[in-house]
Amino acid sequence: PIPCVPWQSQTSGQYQRRVHGHHNGREDRRWKFRCCDVSKNVKVVASRKTDWLNDWDDVVDFRCGSSEVLRGLESLHHNGREDRLWKATCVALVNSDVAVLKQVGWTGYINNWDGSFIHELGAISLYSGIYSIHDNHREDRRFKIHRVDLLNGLKCTNPRWSNWRNNMDGLLNYKCGGNYGITGLQSYHWNSREDRRFNIKCCDVSNNGDYAISTVYQTGYVNEYDGKINFKCGYMEVLVGLYSHHDNHKEDRRFKLYCGRIAPADNLKAAKRNSVDWTNWLNDWDRALEFTAPGNSFIVGFDSHHDNHREDRRWKLGTATLDGAICEENGWSAPANGYDDTMDYLCPANHALAGAKSSHHNHHEDRIWWFRCCDLSKSGIYLLKSPLLSSQPNNLDGRLFYECAQDSVISGAFSVHSNSKEDRHWLFYCSQVVKISSYFKEISDVVVSTECPVITSGVVDKKTASMSTDGTNAIRDSNMEIEDCLELSFENQVQWTESTCKSETSAHTKSYTSSVSHEWSVTASATTGIYGVEASLETSYSLALEDSKTTEDTTENSEEQCSENTEVSTTSTTMSNCKICSTTVPSGSCVVLKKVVTYRKITAHCEDFREVSATNIDGSKAEYKDLVIFFKEIGMKSSPYKVGPHTLGYRTEVDMEVAHDHQAACIIDRCGGETGE
């Protein structure tokens, strides 16, 4: 087992680092993992360990739940198979999360071999997992259900049956939809077809709009043919759908599950984008493709045809815009796949796909892809919800056509290559667009004080100038002095995380004021040893940065904007020491005179204490509770606290490294080894 310590997590995507090396003689890999401490702003709860996630020589396709991260892995190697089985340990990251589910546990088997069954839970219970075993003689499965109960007075209302969702030997692909979760299952077996049909019961958990099921995702396959199913959804998640296909040779089904997170509703309104504008063909067969969405548009659809002779695809892309949205694309990503490799690419949070390019290789008969994304949250009007992966891939060698729903944008792509068909299955990630609504006339966000609990002083560099006079044969004393100015150029650096907000309301003048001020007054001490005597140095240093601005203009049909950015300010300081060192050279002596200048810096870690206040359209002061809603909606990462009935406070970190002082020592080294100052 490879666990992180209790307060650490191994996160997915760009935050996880896997270091591994393969040994061809052993046909195995050794692995290292990097963990990060998340205890500063979240709690780690509800650790859970999966069953084996794969069979020998099979794909591992697993993700932790929507509120979970990977904490550990367990793996078992088989020398005969030269492969590994894997288990994962997931933990939930919570802040002020509301617990809405209680884990009850597994039911007994709800059916007999070849038997029909109807299984229903009560008004406060839902499915959150499935356990199943297969019998090759009976060619059937028995099932257990993992049950959770609703808390906080929530009930499962408006139950409804789906009717039969598959034919014998046919595909099953059903999601409850809306804020519905699974609370019942009906099935019957047909011995001549050795298969089952399924009818699924769903119920509404929204409590009249107070709660919602969000971040619905599809798992990988949770079983092999003839193998066991043992899978539970993640933290505060319930089953919301089933996916399964049947194999007539194996006379069994493989399953994927749909899971969804129950949480208090955010009451953000979905935004509908404008109509789609489709490009012409962007590439010829076997030729490169490169496209960037024009203006502030983004990608919402893909259209493609395959040619079996060329073993390649031609592509069209669909783009759209959102009223008032800014979509400035970033640079190109690293390659999202290798030739013949699986692709699983996601834009960063709140980013939509805004460009795609690819190149074709005739030997591999495949394409490598690059993507670029744009940040829709920069407009201050829109945010994107967690991405959901489409459930139905294209047919190999067939037409591919996919367009996100009108309230969603494409935020990533998943693709698997088939060497036998020399084509790819494609699925796409779509993220729902929601609109921020907080109607303030004016917002103020200012620094009120700064504290620097950590201050250190240290040596940056030392510089030396020297000269010597040999008066061994002189008949009289002489003078010697060093007049050189010794200089050191130092880059002062101040880094701070600054929140900036501006508010715009319909047919109103917007006014935005931002003020940043940092001042330090510190005392540091240093010691130097000259002739064995220690001297104490005390000095003070202050630095002030001022950036205050007010902008006004009149705008129509827009709303507040806010962002949190880390900024670095640098200024160059030249520390010059022009102290003159001099000495008398007695006749008959040899003297070496040195000027040694020590340059020091101050390093400080500080905290800004900031306050946010706002004015409503009618001129009244916004209340603290409204400021908290606004603060959370714009995605600020700091923890807010109440300063007063109309003021919200929060902290940001400031780090500085600045020039401190310089001091020169005049050292006399007489040619007998005696040293003086």
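See the structure shown above.
Residues numbered from 1 in each chain as written. Predicted model: local features only at pLDDT ≥ 70, side-chain atom pairs only at ≥ 80, totals over all residues. Heavy atoms only, no water.

When helices and strands are tallied, the protein shows one helix and 46 strands. Split into buried and exposed, the 677 residues of the protein put 46% on the buried side. Taking the contacts inside the protein whose residues are at least 6 apart along the sequence as the reference set, 76% of them involve residues at least 24 apart. About 33,400 Å² of surface is accessible on the protein, with carbon and sulfur atoms providing 44% of the total. (Helix = DSSP H or I, 4+ residues; strand = E, 2+ residues; numbered from the N terminus. Buried < 20%, exposed > 50% of the residue type's maximum accessible area, 1.4 Å probe, protein only. Contact = heavy atoms within 4.5 Å. Areas by Shrake-Rupley, 256 points an atom, 1.4 Å probe, with all protein chains shown as cover.)

Following the criterion strictly, the structure yields nine disulfides and no others. Across the disulfide, Cys176 is cross-linked to Cys202 (sulfur-sulfur distance 2.0 Å). Sign of the S-S torsion, about -70 degrees for the bond between Cys176 and Cys202, identifies this disulfide as left-handed. Of this pair, Cys176 sits in the loop between strand 14 (172–175) and strand 15 (180–190) while Cys202 sits in strand 16 (residues 195–204), placing them 26 residues apart in sequence. Assessed through its relative accessible area of 6%, Cys176 is described here as buried. Judged by its relative accessible area of 0%, Cys202 falls in the buried class. Each sulfur in the disulfide pair Cys327 and Cys374 lies 1.6 Å from the other. Taken together, the residues Cys327 in the loop between strand 25 (312–320) and strand 26 (343–346) and Cys374 in strand 28 (residues 366–375) connect sequence positions 47 residues apart. (Disulfide = S-S within 2.5 Å.)

Quick look at the pattern of salt bridges now. By the definition in use, this model includes 19 salt bridges. The salt bridge involving Arg273 is made with Glu403; its shortest N-O contact spans 3.4 Å. On the criterion of sequence distance, the pair formed by Arg273 in the loop between strand 21 (269–270) and strand 22 (277–278) and Glu403 in strand 31 (residues 400–403) is long-range, its members being 130 residues apart. The exposure class of Arg273 is buried, given its relative accessible area of 4%. Note on Glu403: relative accessible area 33%, which makes it partly exposed. (Salt bridge = Lys/Arg side-chain N within 4 Å of Asp/Glu carboxyl O.)

When you line up the elements, Glu365 lands in the loop between strand 27 (351–361) and strand 28. Although Glu365 is buried, it forms no salt bridge, and the closest oppositely charged side chain is Arg367 at an N-O distance of 8.7 Å. Residues in contact with Glu365, not counting those within four places in the same chain, are Arg310, Glu311, His360, His417 and Glu422. (Lys, Arg positive; Asp, Glu negative; His and termini not counted.)

Across the sheet, four strands lie side by side as 9-12-11-18; this open sheet has antiparallel pairing. The sheet is open, and its two borders are formed by strand 9 (101–106) and strand 18 (229–232), each paired with just one other strand. Taken pair by pair, the neighbouring strands of this sheet meet at an average axis angle of 20 degrees, ignoring direction. In this structure, strand 11 (residues 125–135) lies alongside strand 18, joined through four bridges in antiparallel fashion. Pairing of Tyr131 across the sheet is with Asn230, part of strand 18. (Pairing = 2+ DSSP bridges. Axes fitted to C-alpha atoms, helices over the stretch in contact; angles between N-to-C directions.)

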